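Listed here are the chains, written in short residue letters.
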Protein chains: 2
Amino acid sequence: MIVAYDGTNYCGWQVQINGITVEEVLNKTLSELCHEDIKVIGASRTDSGVHALGNVAVFDTESGIPGEKFSFALNQRLPEDIRIQESCQVADDFHPRYCDTIKTYEYKILNRRFDMPTERLYSTFVYYPLDIDKMKRAAAVLVGEHDFKSFCSSRSQVENTVRTITDITIDKVGDMIHIRISGNGFLYNMVRIIVGTLMKIGLGIWPEDCMESILEAKDRTKAGPKAEAKGLTLVEIKYL
Amino acid sequence: MIVAYDGTNYCGWQVQINGITVEEVLNKTLSELCHEDIKVIGASRTDSGVHALGNVAVFDTESGIPGEKFSFALNQRLPEDIRIQESCQVADDFHPRYCDTIKTYEYKILNRRFDMPTERLYSTFVYYPLDIDKMKRAAAVLVGEHDFKSFCSSRSQVENTVRTITDITIDKVGDMIHIRISGNGFLYNMVRIIVGTLMKIGLGIWPEDCMESILEAKDRTKAGPKAEAKGLTLVEIKYL
């Protein structure tokens, strides 16, 4: 299934005790629909407040419902902030996290004098002017294979912190800055820490040539703060 | 003041007993800020659930706060779904409704297989494909000075139903159809009834040449249904 959601009212993807999650709602809705105990496996365990246009989830079922009909059947039962965009049957051994993929995230920053209420849930508001040319030049340093340890929340226990960013684009439409980052995998909070670092540079607080030394330091404390969750959207996961 | 708001959680602009309104929140916040009883006058009394990027409101005060500082002072106290975009002092006799203006509304329709959660609050979802070329040709008939009685909710008691639409543009970006309508004044529910009629035409339920006869009928029952509030945004009021 390709799953879209508005993350505003969810404690992220993964089932947890502190609050309702997207995974939990999908498990419950699928189990009711199929009258069996179903647990989905998600491709990307997005954080609390993060949105998705195209997360991917897979499940096993004994149900006779054809794969492509699940989208319609589920959308009738799901809350309106979760929508299955597409569904189909896949090979029995398909695991959405153990495949080569390119994931694309978008981060939106509204850069103007006052926030705009109709944009507030899906972007971060920044009052001081951001220099996107500086941000573009700094972002270019991140493209390629690097050890992104400096851009990984220290809570993470992952051992190999080398990842490849295939593309970063930054553009501005009106007052809205769109930062799109694609890569073969992302560490815990990596996109939000990259964006927080780019903001420091765009504001002129840090020099635009600081990215290289941040990468080399392999030290979380050298990178910028983690940008707010609500500005982040998982746009697409491409299976290679 | 230029006032932007997300109408999702408000019973429209105008103070009423059934629920909280934007006007009420502004009155309360201004009165607290200035320690006097303040009542705003709004340019456009938008309906329940309708959004605004640029409604206009005016008030009298004895306060010594400079006009241009009210935006900052109010935004610190307002809920995040209302934001003053700009404020300034105006002439004592300025009334936001008794001036020549051009108002611009935008209506958004998401036209695809399934709704997108992150768009759902600010657009209307339509499953069946809309033919926007038909909609454009039908909309063109409405431009100019006409008696729009057919496009006015019958609850309205206004006597003169002649208005001028200066411009209608319809375009599609991805799956999102944007209908922009500008004019010197709009009757009660006029934009939403025009959009509801254009949808009938776009779906092929009504012929594209039906607009002229609907106008001529001067009969609300001949036009299409009123489109949902959440797709409508008051974009701008230009004072001439």
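Residues numbered from 1 in each chain as written. Chains lettered and ligands numbered in written order. Predicted model: local features only at pLDDT ≥ 70, side-chain atom pairs only at ≥ 80, totals over all residues. Heavy atoms only, no water.

## Regarding the overall build of chain A
Looking only at helices and strands, one finds 5 helices and 10 strands in chain A. Here the C-alpha atoms of chain A give a radius of gyration of 19 Å, agreeing with the 18 Å that 2.2 N^0.38 yields for 240 residues. Taken along the three principal axes of its C-alpha coordinates, chain A extends 60 × 40 × 30 Å. Counting all 240 residues of chain A, 52% fall into the buried class. Considering only intrachain contacts with a sequence separation of at least 6, the fraction spanning at least 24 residues in chain A is 67%. When the accessible area of chain A is evaluated, it comes to approximately 11,500 Å², of which 48% is carbon and sulfur surface. (Helix = DSSP H or I, 4+ residues; strand = E, 2+ residues; numbered from the N terminus. Rg over C-alpha atoms; globule rule 2.2 N^0.38 Å. Buried < 20%, exposed > 50% of the residue type's maximum accessible area, 1.4 Å probe, protein only. Contact = heavy atoms within 4.5 Å. Areas by Shrake-Rupley, 256 points an atom, 1.4 Å probe, with all protein chains shown as cover.)

## Notes on the UniProt feature "domain: Pseudouridine synthase I TruA alpha/beta" (unreviewed entry) in chain A
Listed under "domain: Pseudouridine synthase I TruA alpha/beta" (unreviewed entry) in the UniProt record, and renumbered for this structure, are residues 2-98 and 138-239 of chain A. Note that residues 2-98 of chain A is 20% helix and 20% strand, and that its end C-alpha atoms are spaced 17 Å apart. (UniProt positions renumbered as here; feature names shortened; annotations may be inferred.)

## Regarding the relation of the copies chain A and chain B
Mapping chain A onto chain B leaves a residual RMSD of 0.0 Å; the transformation is a rotation of 180 degrees accompanied by 0.0 Å of translation along its axis. Here the transformation between the copies is reduced to the relation of a two-fold axis. The fraction of interface residues of chain A whose copies in chain B are also interface residues reaches 100%, indicating that both copies meet through the same surface. (Least-squares fit on C-alpha atoms with pLDDT ≥ 70 in both.)

## Quick notes on the interface of chain A and chain B
Taken together, the contacts link 27 residues of chain A with 27 residues of chain B. Between chain A and chain B, the buried area comes to about 2,200 Å², and carbon and sulfur atoms account for 61% of it. Three residues, Phe114(A), Thr118(A) and Arg120(A), lead the burial of chain A against chain B; their summed loss comes to 26% of the area buried on that side. If you look at where chain A meets chain B, you find 4 salt bridges. Here Asp6(A) makes a salt bridge to Arg120(B), at a shortest N to O gap of 2.9 Å. Put simply, chain A and chain B have 6 residue pairs in polar contact (both at pLDDT 80 or more) between them. Put simply, the parts of the chain that give the side of chain A that touches chain B at least two residues each are strand 1 (2-5), strand 3 (51-58), helix 2 (70-75) and strand 4 (82-86) of chain A. Classifying every residue of the side of chain A that touches chain B by side-chain character gives 12 nonpolar, 5 polar and 10 charged. (Buried area = accessible area lost by both parts, 1.4 Å probe. Salt bridge = Lys/Arg side-chain N within 4 Å of Asp/Glu carboxyl O. Polar contact = N/O pair within 3.5 Å; in protein donor to acceptor, adjacent residues only side chain to side chain. Nonpolar A, V, L, I, M, F, W, Y, C, P; charged D, E, K, R; others polar.)

## Quick word on the pairing of strand 4 of chain A
All names here are of chain A. Most of strand 4 sits inside the fold, with 4 of its 5 residues counted as buried. Relative to strand 4, strand 1 is paired through 4 bridges, and the arrangement is antiparallel. Within strand 4, the residue paired with Ile 2 across the bridge is Glu 86. (Pairing = 2+ DSSP bridges.)

## Looking at the UniProt feature "active site" (unreviewed entry) in chain A
Residues given the UniProt feature "active site" (unreviewed entry) here are Asp47(A). Ignoring anything within four residues of it in the chain, the contact list for Asp47(A) reads Gly12(A), Tyr188(A), Asn189(A) and Arg192(A).

## A closer look at helix 1 (residues 22-34) of chain A
Residues and elements named next belong to chain A. In this model helix 1 runs 18 Å from its N-terminal to its C-terminal C-alpha over 13 residues, within 8% of the 18 Å that 1.5 Å per residue would give. Among the 13 residues of helix 1, 10 are classified as buried, and the element is accordingly described as predominantly covered. Residues of helix 1 that are buried include every one of Val 22, Glu 23, Val 25, Leu 26, Asn 27, Thr 29, Leu 30, Ser 31, Leu 33 and Cys 34, and no others. On the buried face of helix 1, the contacting elements are strand 1, helix 2 and strand 4. The first or second residue beyond helix 1 is His 35, which carries a positive phi of 55 degrees. (Expected span 1.5 Å × (residues − 1).)

## Details of the domain arrangement of chain A
Residue and element names in this part refer to chain A. The assigned domain composition of chain A is domain 1 (2-86) and domain 2 (101-239). A straight line from the C-alpha centre of domain 1 to that of domain 2 covers 27 Å. If you look at the interface, domain 1 gives 15 residues, while domain 2 gives 16 residues. Taking both sides of the interface into account, the surface hidden between domain 1 and domain 2 amounts to around 1,200 Å²; carbon and sulfur atoms contribute 56%. (Domains from an automatic or database assignment.)

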